[in-house]
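Here is what each chain is made of, one letter per residue.
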Amino acid sequence: MSTVIDTERLSAIIAAAQSPSFKKLLEDQEKAKKAVADAEKHLAEVEARLSSSIPPELAALLNTGDANEKKARKARVKAERSDLKKPDLQELKEILVRQPAKTLNIRGEGFDTPNIKVLADANPHLLRYEKGTWPKVTLLK
């Protein structure tokens, strides 16, 4: 695979690299890099003096946690599946008859969502399952 060189474009790039403004930008970049290196060196010196002036007992207390370390997240508290109510079809129908609009908020009332979903899928003529964050089941008859 051969590469075609655009001589006009190459000439323009060389001319731009030789321009005084480009050379000034390169000099400014070098000055900025030197300034950053000097600042990092000064910071290291200050931190060394600071750490040498702190009593060892206090230093041990201050260094117990790393500042870059993320806090551990608390484990999500889940309801035990055994704690959830798992009615059979007859019990579910009785519960739904007593509910307003014959609709039950499954999670809100502490029922086992997969159990209710299986009942609704097996009996689409009796129950309508509404999925979502707070799933619901409605008695149709």
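Higher on the page you've got the structure.
Since this is a predicted model, take the numbers as computed values, not measurements. (Residues numbered from 1 in each chain as written. Predicted model: local features only at pLDDT ≥ 70, side-chain atom pairs only at ≥ 80, totals over all residues. Heavy atoms only, no water.)

A. Representation of the sheet that holds strand E1 (residues 103-105). The strand order across the open sheet formed by three strands is E1-E3-E2, and the pairing between neighbours is antiparallel. Taken across any chain shown, the strands that pair with only one partner, and hence form the sheet edges, are E1 and strand E2 (127-130). Across the sheet, the axes of successive neighbouring strands diverge by a mean angle of 20°, strand direction being ignored. Here helix H5 (residues 113-122) sits on the sheet in contact with E2 and strand E3 (136-139), set at roughly 135° to E2. (Pairing = 2+ DSSP bridges. Helix = DSSP H or I, 4+ residues; strand = E, 2+ residues; numbered from the N terminus. Axes fitted to C-alpha atoms, helices over the stretch in contact; angles between N-to-C directions. Contact = heavy atoms within 4.5 Å.)

B. Examining the pairing of E3 more closely. With three bridges joining them, E1 and E3 adopt antiparallel strand pairing. Paired with Leu104 across the bridge in E3 is Val137. One ladder, built from four bridges, connects E2 with E3; its direction is antiparallel. Directly across from Arg128, in E3, lies its bridge partner Thr138.

C. Representation of the packing of helix H1 (residues 7-18) against helix H2 (residues 20-53). Two elements in contact, H1 and H2, have axes separated by 5 Å at closest approach and are oriented at 60°. Classed by the angle they form, the pair H1 and H2 counts as oblique. Listed contacts from H2 to Ala16, Ala17 and Gln18 of H1 are Pro20, Phe22 and Lys23. In terms of residue class, the contact of H1 with H2 is built from four nonpolar, one polar and one charged. (Parallel < 35°, antiparallel > 145°, perpendicular 65-115°, else oblique. Nonpolar A, V, L, I, M, F, W, Y, C, P; charged D, E, K, R; others polar.)

D. Broad picture of the nonpolar core. Core analysis: the largest hydrophobic core is formed by 13 residues, its most contacted members being Leu92, Leu96, Leu104, Phe111, Ile116, Leu127 and Val137. Contacts of Leu92, omitting those with residues within four sequence positions, involve Pro87, Leu104, Ile116, Leu119, Leu127 and Val137. (Core = buried A, V, L, I, M, F, W, Y, C linked by side-chain atoms within 4.5 Å. Buried < 20%, exposed > 50% of the residue type's maximum accessible area, 1.4 Å probe, protein only.)

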